[in-house]
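Survey of secondary and tertiary structure
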Amino acid sequence: MTAPLHDTAAAETALTDVAGPVKAIEGRSPGRIAWDRLKRDKVALAGGAIVLLLILAAIFAPVLTSLFGHPPDQFHPDQINPDLGVPKGAFGGMSWNYLLGVDPTFGRDVFSRVLYGARISLIVAFLSAAVSVSIGVLLGVAAGYFGGWIDAAISRVMDLLLAFPQLLFTIALVSVMPDSLLGLTGTGVRMAILIIVIGFFGWPYIGRIVRGQALSLREREFVEASKSLGAGSVHILLRELLPNLVAPVLVYTTLIIPTNILNEAALSFLGAGVKPPTPSWGQMLSDAVNIYQADPTYMVVPGLAIFITVLAFNLFGDGLRDALDPKGS
Amino acid sequence: MTIPQQTTAEGAEPLLKVSGLVKHFPITKGVLRRQVGAVKAVDGLDFEVMPGETLGVVGESGCGKSTMGRLITRLLEPTGGKIEFEGRDITHLGTSAMRPRRRDVQMIFQDPYSSLNPRHTVGTIVSAPFRLQKVETEHGTKKAVQDLLELVGLSPEHYNRYPHEFSGGQRQRIGIARALALKPKLVVADEPVSALDVSIQAQVVNLLDDLQSELGLTYVIIAHDLSVIRHVSDRIAVMYLGKIVEIADRESLYGKPMHPYTTALMSAVPVPDPKRRTQRKRILLTGDVPSPISPPSGCRFHTRCWKATEVCRTVEPPLIALTPAAGHRVACHHPENAPDQAPGETSATAATGGKSVESA
Ligand SMILES: Nc1ncnc2c1ncn2[C@@H]1O[C@H](COP(=O)(O)OP(=O)(O)O)[C@@H](O)[C@H]1O
Ligand code: SF4
Ligand SMILES: [Mg+2]
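Residue numbering note: each chain is counted from 1, following its sequence as written. Following the order in which they are written, the chains are lettered starting with A and the ligands numbered starting with 1. For a predicted model such as this one, the threshold for reporting local features is a pLDDT of at least 70, and the threshold for listing and counting side-chain atom pairs is 80 or more; totals across whole chains, interfaces and linings nevertheless cover every residue. Side-chain metrics rest on all non-hydrogen atoms present in the structure, leaving aside hydrogens and water.

**Thoughts on the overall build of chain B**
Convention followed: Where helices and strands are cited, they refer to DSSP runs of H or I of at least four residues and of E of at least two residues respectively, numbered from the N terminus. Contact definition: two residues touch when any of their heavy atoms are within 4.5 Å. In short, Shrake-Rupley with a 1.4 Å probe defines the accessible areas, and a residue's cover is counted only from the protein chains shown.
Helix and strand counts for chain B stand at 11 helices and 14 strands. Put simply, 66% of the contacts in chain B that link residues at least 6 apart link residues at least 24 apart. For chain B, the accessible area works out to roughly 15,300 Å², and carbon and sulfur atoms hold 53% of it.

Laid out in structure tokens, this is it:
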């Protein structure tokens, strides 16, 4: 009972130390541990690699098309069978010259159009996710931490938005929007609308998660410890709660991006996306529907692009969730 | 602990004085948040804490001990009553008025797994008091934190590590280092060891004991049974359903416990000395603590008390001194080790909730 402190502490370490070797002076941060776990998850890594490749391909689309293709808006009538209006070659006109074939009627290079379409898809998906995350984190944490009528009000708004017919609303909105807005024109306006609308209708998904987390975090004693040292609400929200929200927000962001990609494709398919001739995946699908019997390849290519992208994001997001979940092995 | 009796002698200014302290948590219903009732977690407490002493507060879980601790550290706003610290009324001070006073009153929390932010390093956690209170230290904050880590028996090298890398006992030491960083006068420890392995509990209690003499601290230590606080408390308050039912210095409480609830709590503590064990009655408290939303009338303990009579059901016994023993106060009509306060009552109506059993 009167042993020196150091001995008791050392004995305790020996008895109950489950944290591995004590020699390392630098601690393994929770982020570092998650990364080590993620590195062992081959499926998630494959998903992440595909996502990375897609992003690079979108960024370097001009370079890639100049090396392996043709400008996306260039017509190649020589590739089109003038009687049927479909590509001359088999499989949508695939060849070494036109890697993914050409589109019907105009003969534009599908490889280039898919790459440029990836740009639209990814920009819209990422920026609208950023909109969702900003609003969702702000309102979700306020609802969860402050509770009371603030929580009641924010939660009702989230319920309302989740029940809202988002697709119909967007189509209606696009049809009444002017062609130029705040200095943006054409494709710019349509993309801005897509980003704002998809982002706005997406925030309740993030908001709900963040609210639940904040609700449980605020009961933790470290919040009280901070209060007992004189910390105000702003300090507690930013320094105590937010670091604990990074992981769940990151996970749900990687899972909301593929949803946004699908939303953008659906809106483009329905004519509420970017305007032709700017290529987008949804719009290509919509064109392909009219001619799929004569030229099925033209439907398969953008369909596969959407499928692979969404799948890759989801695999990566799931892996990330497992890696960040403290209860995971 | 080994505080000379003089320090707690009459006449000295109490460090903390609590009178009539009440905390009711409202129960609301519907969208309009209409109040339909209240959890009477703390329902009228009077006690003082003298500089340098340790007051142990004991009671079953749900008796309002943590609420009491959070009230005197002003993490909660009292519903009624008064809290005076060093003679100043701090009962209703706002966040900013309270901030400078927070240096003097610190808390050690029950759950070392929840009291340390998992995303912060030990260095960040233990240096938070300096940052939040804008305290400059002579050789920089890092040095101050490393000194604190050493003080609580951890290696200064642990500075950059994260809470998950430590055992429960080590985590509690980190929490203690944080609480002591600003050299507080009063430390409220809410069940500081109840989440730890039994083998480690004594080490942490001893650490608290050593730190008290080293730094001249005053403690309010909360526990749900008497075993933990028995050795460290100068005085002990026994709480039941939001009220103090008995308060006395340690010798008096252990030598002549008066409240049936105190005797019941005591009989639950294993006695190391086998000779004494055979002489003791084992009292089994059955049933749970009644709901603090509608506490029993009269004496709140009457639903579980084996000595209860009619008067217990109707008249609330006041917390008063029944014997000449200084400062030994009890709230009971039929106390043990003291004259009966309501003679002539029959115990024929005694509740069946508690029963006393002769130990074999
Ligand atoms: N924030 C709160 N809101 C409503 N009821 C509470 C709150 N905190 C505690 N209580 C209630 O007050 C009573 C006393 O709780 P507590 O002080 O934690 O007791 P103890 O620490 O003795 O176990 C319990 O019935 C508990 O449910
Ligand atoms: S004897 Fe009566 S007053 Fe005393 S504790 Fe039992 S019920 Fe309460
Ligand atoms: Mg408690």
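**Quick look at the site of ligand 1**
Residues and elements named next belong to chain B. Quick reminder of the rule: Distances are taken per atom, and a residue is near a molecule or strand as soon as one of its heavy atoms is within 4 Å of it. Counted as a polar contact is a pair of N or O atoms within 3.5 Å, where, for protein atoms, one must be capable of donating a hydrogen and the other of accepting one, and residues adjacent in sequence contribute only when both atoms are in side chains.
Phe25, Val39, Ala41, Glu60, Ser61, Gly62, Cys63, Gly64, Lys65, Ser66, Thr67 and Pro292 make up every residue found near ligand 1. A distance of 2.6 Å is found between an oxygen atom of ligand 1 and a backbone nitrogen or oxygen belonging to Gly62. At a separation of 3.2 Å, an oxygen atom of ligand 1 approaches a polar backbone atom of Cys63. Relative to its unbound accessible surface of 560 Å², ligand 1 loses 62% to contact with the protein.

**Points about the nonpolar core**
All names here are of chain B. The cut-off we apply is this: Among buried residues, the Ala, Val, Leu, Ile, Met, Phe, Trp, Tyr and Cys ones that are joined through side-chain atoms within 4.5 Å form a nonpolar core. Accessible area is worked out with a 1.4 Å probe on protein chains only. A residue is then buried under 20% of its type maximum, exposed over 50%, and partly exposed in between.
In terms of nonpolar packing, the biggest core is built from 105 residues, with Ile176, Leu226 and Ile229 touching the most fellow members. If sequence neighbours within four positions are ignored, Ile229 has contacts with Gly56, Val57, Val58, Ile221, Ala223 and Ile236. Counting residues in hydrophobic clusters, the runner-up holds 27 residues, among them Val42, Met68, Met239 and Ile247.

**Let's talk about the domain arrangement of chain B**
Residue and element names in this part refer to chain B. What counts here: Throughout the structure description, domain borders are defined by an automatic or database domain assignment. For this analysis, a salt bridge means a side-chain nitrogen from Lys or Arg found within 4 Å of a carboxyl oxygen belonging to Asp or Glu. In the scheme used here, Gly and all other residues not listed as nonpolar or charged are polar, with Ala, Val, Leu, Ile, Met, Phe, Trp, Tyr, Cys and Pro taken as nonpolar and Asp, Glu, Lys and Arg as charged.
Split into domains, chain B comes out as domain 1 (16-117 + 182-233) and domain 2 (257-360). The interface is formed by 14 residues belonging to domain 1 together with 14 residues belonging to domain 2. Taken together, the links from domain 1 to domain 2 amount to two salt bridges. Here Asp43 ties to Arg300 by a salt bridge, and the two come within 2.6 Å at their closest N and O atoms. Run the count over domain 1 and domain 2 and you get five residue pairs in polar contact (both at pLDDT 80 or more). Within the residue set of the side of domain 1 that touches domain 2, elements represented by two or more residues are strand S2 (34-49) and helix H7 (226-229). It is S2 that contributes the most residues to the side of domain 1 that touches domain 2, five residues altogether. By residue class, the composition of the side of domain 1 that touches domain 2 is six nonpolar, three polar and five charged.

**Quick notes on the environment of His259 of chain B**
Residues and elements named next belong to chain B. Considering the arrangement of structural elements, one finds His259 in the loop between helix H8 (250-255) and helix H9 (260-267). Relative accessible area serves as the criterion here: at 1%, His259 is assigned to the buried category. Separated by 75 residues in sequence, His259 and His334 place their C-alpha atoms 8.2 Å apart. His259 has contacts with Val245, Glu246, Phe301, Val330, Ala331 and Cys332, leaving out every residue within four places of it along the chain.

**As for the packing of helix H3 (residues 122-132) of chain B against helix H4 (residues 141-151) of chain B**
Residues and elements named next belong to chain B. Here is the rule we go by: The angle between two axes is taken between their N-to-C directions and runs from 0 to 180 degrees, where each axis is a line fitted to C-alpha atoms and a helix contributes only its stretch in contact. Convention used here: angles under 35 degrees read as roughly parallel, angles over 145 as roughly antiparallel, angles from 65 to 115 as roughly perpendicular, and any remaining angle as oblique.
Close contact between H3 and H4 brings their axes to 9 Å; oriented N to C, the two are set at 110°. Considering their axes alone, H3 and H4 lie roughly perpendicular with respect to each other. Along the contact surface, H3 presents Val122, Gly123, Val126, Ser127 and Phe130, while H4 presents Thr141, Ala144, Val145, Leu148 and Leu149. For the contact of H3 with H4, the per-class residue count stands at seven nonpolar, three polar and no charged.

**Examining H4 of chain B**
Residue and element names in this part refer to chain B. Rules: The directions from the helix axis to the C-beta atoms are what the arc is built from.
Those residues of H4 that sit buried are Ala144, Val145, Leu148 and Leu149. Projected down its long axis, H4 shows its buried positions confined to an angular sector of 140°, all on one face. Looking at the buried residues of H4, the elements they touch are H3 and helix H5 (168-180). Positive backbone phi, at 85°, marks Gly153, one or two positions downstream of H4.

**A few points about the sheet that holds S2 of chain B**
All names here are of chain B. The cut-off we apply is this: Pairing between two strands requires that DSSP report at least two bridges joining them.
Spatial strand order, S2-S1-S4-S5: four strands in an open sheet with antiparallel pairing. Looking at the sheet topology across the chains shown, the edges are occupied by S2 and strand S5 (88-89). In this fold helix H1 (residues 65-72) packs onto strand S1 (16-29), S2 and strand S4 (80-85), with an angle of close to 115° to the strand it touches most, S1.

**So, the site of ligand 2**
Around ligand 2 sit 13 residues in total, of which Cys299, Cys305, Cys312, Cys332 and His333 of chain B are the nearest. Of the residues belonging to the shell around ligand 2, the class tally is eight nonpolar, four polar and one charged.

**A closer look at a nonpolar patch on the surface**
Residue and element names in this part refer to chain A. Put simply, the rule is: Only residues whose relative accessible area exceeds 30% and that take part in no salt bridge are eligible for patches, with like-charged residues grouped when within 9 Å of each other and nonpolar side chains (Val, Leu, Ile, Met, Phe, Trp, Tyr) grouped when within 5 Å.
Residues Val43, Ile50, Val300, Leu304, Phe307, Ile308, Leu311 and Leu315 make up a contiguous nonpolar surface patch of roughly 660 Å² in combined accessible area. Secondary structure elements with two or more residues in the nonpolar patch: helix H3 (42-59) and helix H12 (297-324). The dominant element in the nonpolar patch, judged by the number of residues it contributes, is H12, at six residues. Tracing the backbone through its elements, the reader meets Phe307 in helix H12.

**Observations regarding the interface of chain B and chain A**
Convention followed: Accessible area, probed at 1.4 Å, shrinks when two parts are joined; the buried area is that loss added up over both.
Counting residues at the interface gives 46 residues for chain B, matched by 42 residues for chain A. Overall, the association of chain B and chain A removes approximately 3,900 Å² of surface from exposure, summing both partners, and the carbon and sulfur fraction of that is 53%. Contact with chain A buries area across many residues of chain B, yet Arg119, Leu132 and Arg161 of chain B alone supply 16% of it, more than any other trio. Linking chain B with chain A are one salt bridge, by the criterion used here. We note a salt bridge from Glu224 of chain A to Arg70 of chain B, for which the minimum N-O separation is 2.4 Å. Joining chain B to chain A, the criterion identifies 11 residue pairs in polar contact (both at pLDDT 80 or more). Contributions of two or more residues to the side of chain B that touches chain A are made by strand S6 (105-108), H3, H4, H5 and helix H6 (198-215) of chain B. When residues in the side of chain B that touches chain A are grouped by element, the largest group, six residues, is from H6 of chain B. Class assignment of the residues belonging to the side of chain B that touches chain A gives a composition of 15 nonpolar, 16 polar and 15 charged.

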